[in-house]
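These are the residues of each chain, in order.
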Amino acid sequence: MTTSSSNAFRPRRSAGLAAPAALALIALALPAVPLAAQQAEMAEPRMSWDPNDPRIGLEAGWRDAGEASWNLTLLTNLQRPDGFMNPETPGDGRFTNTDLAFQGDRLFQGNYNGFQVFDISDPNAPRLEVAVVCPGGQGDVSVYGDLLVMSAQENRGRLDCGVEGVEETVSDQRLLGVRIFDISDLSNPRQVAAVQSCRGSHTHTMVEDPTDPDHVYIYIQGTGRVRPGDELPGCIDAEPEEDQNTALFRIEVVRVPLAAPEEAEVVNMPRIFADYETGDVAGLWGGGDHGAGTQSTRRTNQCHDITAYPALGLAAGACSGNGILLDITDPVNPVRVEEVVDPNFAYWHSATFTNDGSKVLFTDEWGGGSAPRCRATDPDTWGANAIFRLEDGELELAGYYKLPVPQTETENCVAHNGSLIPVPGRDIMVQAWYQGGVSVLDFTDPANAYEIAYFDRGPLSDEELFTGGYWSTYWYNGFVYGAEISRGIDVFALEASEHLSQAEIEAARLATLDEFNAQMQPRYSWPAATPVARAYLEQLVREGGILSARAQEVEGAISGTLSADRLTRVATALEGDVAQIRAAALGGDADKLEALAGVLRGLAAQQ
């Protein structure tokens, strides 16, 4: 094994958290520093690792593989239930676990053969409540109120959820698109609608219209072959120069009446890749490499994933050859407002906004998810996340993150699905890398993203590559849930470390949700609570963003018995510091100080 000499992606070790008692020793009055000077030179995507990393050389096995973890505790593992696995092999692709969704105390696990619902009121001991067999492939799920939406993109998918499949080339019994289930009675989920599309549904995205509470919208991202027009009228498998009505180069928009979901229908098929000047529907990346030594990037004729962020009125599309931004203020008519390419990317796969919307992290599914990648022999500039700054509707490349540990020839590894961990004041994400395991990264500084926790198992086999590993890993109400393709569901707890304090973890746990679909990203908010104030304070001290005397005042105000007068007095002082910083009379982190002052005022109001 050869290790790279580059240190661009080595985990950056912080100096550790200052104990409260030590705050007074820190001199923090800093001169104002121009933003440009604060930004480090952007790192190239490089793969470097510690040769003693315990993830290297883990024993292979399906249910008894070796494990390695760092700052993550595995609480429990639930194997796939009967009907969703082949006990003879981990490699039966008919039973692949796919994406996750959450609602209340329930976890919804998609599978190529249907979906399962688990009670997670006790994350240490989730309990299977319902398993619905409904083959059709992909099986990505979303939940919205009493509705569950599931993607279907395999030819075996039947309208009636039958397990016998569809043998005919053309059949009125085939379902390629999205299924909609009524889950108001979880003991008896009922399919109430099946919306057909020309290329099926590889993934889908729920989209809300703030002005239309009576409907929810679904964007269908189909990546399969174009089905025959004899099976679904209007499906035209042709290049644009042959027929501008081709079923390629578009997505489908489904409108779902919440009071009558059985009436769901496709209401638009927007040409979001079009050249807006010429009208050519194939207006983006045409496929191929970007020059010597670069990736061959897929043609942009489909989106793999679209992540809507309704709070911004934007969506980020990972669309095979491009990353794009969509204005979704009118969900029926999304409009592309930005597009980017990256010569290191093979296939734009998924996207995640930061909570404040200032950055977008795109993933590259180099190898398609089933090939061995992340190997020591692979080009070290390929197969990373690319992190873009987002300002005034424009994306600017700011940095990369690549899994910092090599994989074997029998492990499929690729950047895959993840979500934010809502630590106030920082951009932290937990991400699935298939058999590369789970990696938690801090990309607050996108030019120097680094790993702060991980969990990994050895390959399913050391003789044969079975597609496996983590499809998705998401944070939900205090815990990390991992959808393992062939090993079921894992539940993790974060551990406090030199990279993440106990207060920051507790603050993240306070940002709770009633529902979570990764492709409809929520905006997190935090209550006025002591852990939130302490999280901001610790970060400000670490970063040198607060006066030392002021840090002591904050520490005194949030320790012991809280006093409204004292909290208000300190908040006022912080706001004075913010004004001086913005007037360039003082150094420091004005935004974070302002956020801390807001929390103190909220605490004061509670006394």
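Preceding this section is the structure that the text describes.
Residues numbered from 1 in each chain as written. Predicted model: local features only at pLDDT ≥ 70, side-chain atom pairs only at ≥ 80, totals over all residues. Heavy atoms only, no water.

Asker: Please provide a residue-by-residue account of the environment of Gly177, values included.
Answerer: Checked against the element boundaries, Gly177 lands in strand 9 (residues 177-182). Not counting residues up to four positions away in its chain, the partners in contact with Gly177 are Met150, Ser151, Ala152, Val195, Ser197, Gly200 and Ser201. (Helix = DSSP H or I, 4+ residues; strand = E, 2+ residues; numbered from the N terminus. Contact = heavy atoms within 4.5 Å.)

Asker: So what about empty space enclosed by the protein? Which residues, and what values?
Answerer: Per the stated rule, a full pass over the model turns up 6 cavities of 30 Å³ or more. There is about 80 Å³ of room inside the largest cavity. If you trace the largest cavity, you find 13 residues lining it, with Thr307, Ser350, Ala351, Thr352 and Gly418 closest to the centre. Among the elements that line the lining of the largest cavity, the one with the most residues is strand 21 (residues 348-353), at 3 residues. (1 Å grid on protein atoms, 1.4 Å probe; cavity = no way out; pocket = protein on both sides within 12 Å on 5 of 7 lines; lining within 4 Å. Points joined across faces, edges and corners; volume = space filled by probe spheres on them.)

Asker: Kindly report on the side chain of Asp364, identifying the contributing residues and their values.
Answerer: Examined against the element boundaries, Asp364 turns out to sit in strand 22 (residues 359-364). Salt bridges are absent for the buried Asp364, whose nearest opposite-charge side chain, Lys402, sits at 8.4 Å. Among the polar contacts listed, one links the side chain of Asp364 to the backbone nitrogen of Ala346, at a separation of 3.1 Å. (Buried < 20%, exposed > 50% of the residue type's maximum accessible area, 1.4 Å probe, protein only. Lys, Arg positive; Asp, Glu negative; His and termini not counted. Salt bridge = Lys/Arg side-chain N within 4 Å of Asp/Glu carboxyl O. Polar contact = N/O pair within 3.5 Å; in protein donor to acceptor, adjacent residues only side chain to side chain.)

Asker: Quick one: what's the story with unusual backbone geometry, residue by residue and with numbers?
Answerer: In the Ramachandran plot, Gln138 falls in the positive-phi region, its phi being about 65 degrees despite a non-glycine side chain. Here Gln138 lies in the loop between strand 6 (127-133) and strand 7 (141-144). A positive phi angle, close to 55 degrees, is found at Asp392, a residue other than glycine. Counting through the fold element by element, Asp392 comes out in the loop between strand 23 (385-391) and strand 24 (394-401).

Asker: I'd like a rundown of the sheet that holds strand 19 (residues 322-327), residues and numbers included.
Answerer: Taken in spatial order, the 4 strands line up as 17-18-19-20 in an open sheet, and their pairing is antiparallel. Each end of this open sheet is capped by a strand with a single partner; those strands are strand 17 (305-309) and strand 20 (335-340). Pairs of neighbouring strands in the sheet enclose a mean axial angle of 20 degrees, with direction left out of account. In the sheet, strand 17 pairs with strand 18 (residues 314-319) via 5 bridges, with the strands oriented antiparallel. Pairing of Tyr309 across the sheet is with Leu314, part of strand 18. (Pairing = 2+ DSSP bridges. Axes fitted to C-alpha atoms, helices over the stretch in contact; angles between N-to-C directions.)

Asker: Run through helix 4 (residues 548-558), naming residues and quoting values.
Answerer: Counting buried positions along helix 4 yields 8 of 11 residues, so the element is predominantly enclosed. All of the buried residues along helix 4 are Ser548, Arg550, Ala551, Val554, Glu555, Gly556, Ala557 and Ile558. Against helix 3 (530-543), helix 5 (564-582) and helix 6 (590-606) lie the buried residues of helix 4. One or two positions beyond helix 4, positive phi appears at Gly560, with a value near 70 degrees.

Asker: Any details on the pattern of salt bridges? Residues and values, ideally.
Answerer: Where charged atoms of side chains with opposite charge meet at close range, the side chains can pair. All told, the structure shown has 30 salt bridges when counted by the stated rule. Among the ionic pairs, Asp490 bridges to Arg457, the shortest N-O distance being 2.8 Å. Here Asp490 is found in strand 31 (residues 488-494), whereas its partner Arg457 is found in strand 28 (residues 450-457), with 33 residues between them in sequence. Given the relative accessible area of 8%, Arg457 is considered buried. Among the ionic pairs, Glu575 bridges to Arg601, the shortest N-O distance being 2.7 Å.

Asker: Describe in detail the layout of surface pockets, supporting the description with residues and values.
Answerer: Considered as a void within the structure, the second largest pocket measures approximately 270 Å³ in volume. As for the second largest pocket, its lining consists of 25 residues, and the residues nearest its centre are Thr96, Tyr112, Tyr434, Thr467 and Trp471. Residues of the lining of the second largest pocket, tallied by class, amount to 6 nonpolar, 14 polar and 5 charged. (Nonpolar A, V, L, I, M, F, W, Y, C, P; charged D, E, K, R; others polar.)

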